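Notes for the structure review
What follows is the residue order along each chain.
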Amino acid sequence: MTEFDRDSIIADVLAQAPQTAPLFKAIGMHCLGCAMSSGETLEEACDVHGVDTDDFIEQLNDFVRSIQK
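Keep in mind that what you see is a predicted model, and the values were worked out from it rather than measured. (Residues numbered from 1 in each chain as written. Predicted model: local features only at pLDDT ≥ 70, side-chain atom pairs only at ≥ 80, totals over all residues. Heavy atoms only, no water.)

**Let's talk about a negative patch on the surface**
Taken together, the side chains of D5, D7, E44 and D47 define an acidic patch exposed on the protein surface. Assignment of secondary structure puts D5 in the segment before α1 (10–16). Of the residues examined, D5 reaches a relative accessible area of 39% and is grouped as partly exposed. (Patch = residues over 30% accessible without salt bridge, like charges linked within 9 Å, V, L, I, M, F, W, Y side chains within 5 Å. Areas by Shrake-Rupley, 256 points an atom, 1.4 Å probe, with all protein chains shown as cover. Salt bridge = Lys/Arg side-chain N within 4 Å of Asp/Glu carboxyl O. Lys, Arg positive; Asp, Glu negative; His and termini not counted. Charge placed at Lys NZ, Arg CZ, Asp CG, Glu CD. Helix = DSSP H or I, 4+ residues; strand = E, 2+ residues; numbered from the N terminus. Buried < 20%, exposed > 50% of the residue type's maximum accessible area, 1.4 Å probe, protein only.)

Put into structure tokens, the structure is as follows:
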């Protein structure tokens, strides 16, 4: 299983685990197909949206683990 981290690119996360899209939308990241997501890291996106990066990445990885079981 891939573990996502601060340097993971949003587009890569969505390509590997498209089921995570609602998690992004829940914290205000609605433009998942925009040009920024193709080069923006999770850390950069969390900073822009005022979200705690570590909390979001933990939630993201926990969710991915739960759907892979």
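Picking up where we left off.
**Let's talk about the pattern of salt bridges**
Overall, the coordinates contain four salt bridges when judged by the stated rule. A salt bridge links R6 to E43; the shortest N-O distance between them is 2.6 Å. With R6 in the segment before α1 and E43 in helix α3 (residues 42–49), this residue pair connects regions lying 37 residues apart in the sequence. Ionic pairing is found between R65 and D62, a salt bridge with its closest N-O pair at 2.4 Å.

**Regarding α3**
Of all the positions in α3, only L42, A45 and C46 are classed as buried. Looking down the long axis of α3, one finds its buried residues gathered within 100° of arc, a one-sided arrangement. More than 90 degrees from the buried face of α3, the exposed residues found are D47 and V48. Where the residues of α3 are buried, they touch α1, α2 (21–26) and α4 (53–68). (Arc of directions from axis to C-beta. Contact = heavy atoms within 4.5 Å.)

**What about the side chain of S8?**
Inspection of the secondary structure assignment puts S8 in the segment before α1. One polar contact links the side chain of S8 to the main-chain amide nitrogen of D5, over a distance of 2.9 Å. Once residues lying within four places of it in the same chain are set aside, the contact partners of S8 are V13, E40, T41 and L42. (Polar contact = N/O pair within 3.5 Å; in protein donor to acceptor, adjacent residues only side chain to side chain.)

**Concerning the packing of aromatic side chains**
Tallied over the entire structure, the rule returns one aromatic pair. With a centroid separation of 5.2 Å and 65° between ring planes, the pair formed by F24 and F56 is classed as edge-to-face. In this pair, F24 sits in helix α2 while F56 sits in helix α4, placing the two residues 32 residues apart along the sequence. As far as the burial class goes, F24 and F56 line up, both buried. (Phe/Tyr/Trp six-rings, centres within 6.5 Å; stacked < 30°, edge-to-face > 60°.)

**Some details on the nonpolar core**
Of all hydrophobic cores here, the largest spans 18 residues; its most connected members are I10, F24, L32, L42, F56 and L60. For this core, the secondary structure elements donating two or more residues are α1, α2, α3 and α4. The element that contributes the greatest number of residues to this core is α4, accounting for four residues. Each residue touching L60, except ones within four places of it in the same chain, is listed here: F4, V13, T20, L23, F24 and L42. (Core = buried A, V, L, I, M, F, W, Y, C linked by side-chain atoms within 4.5 Å.)

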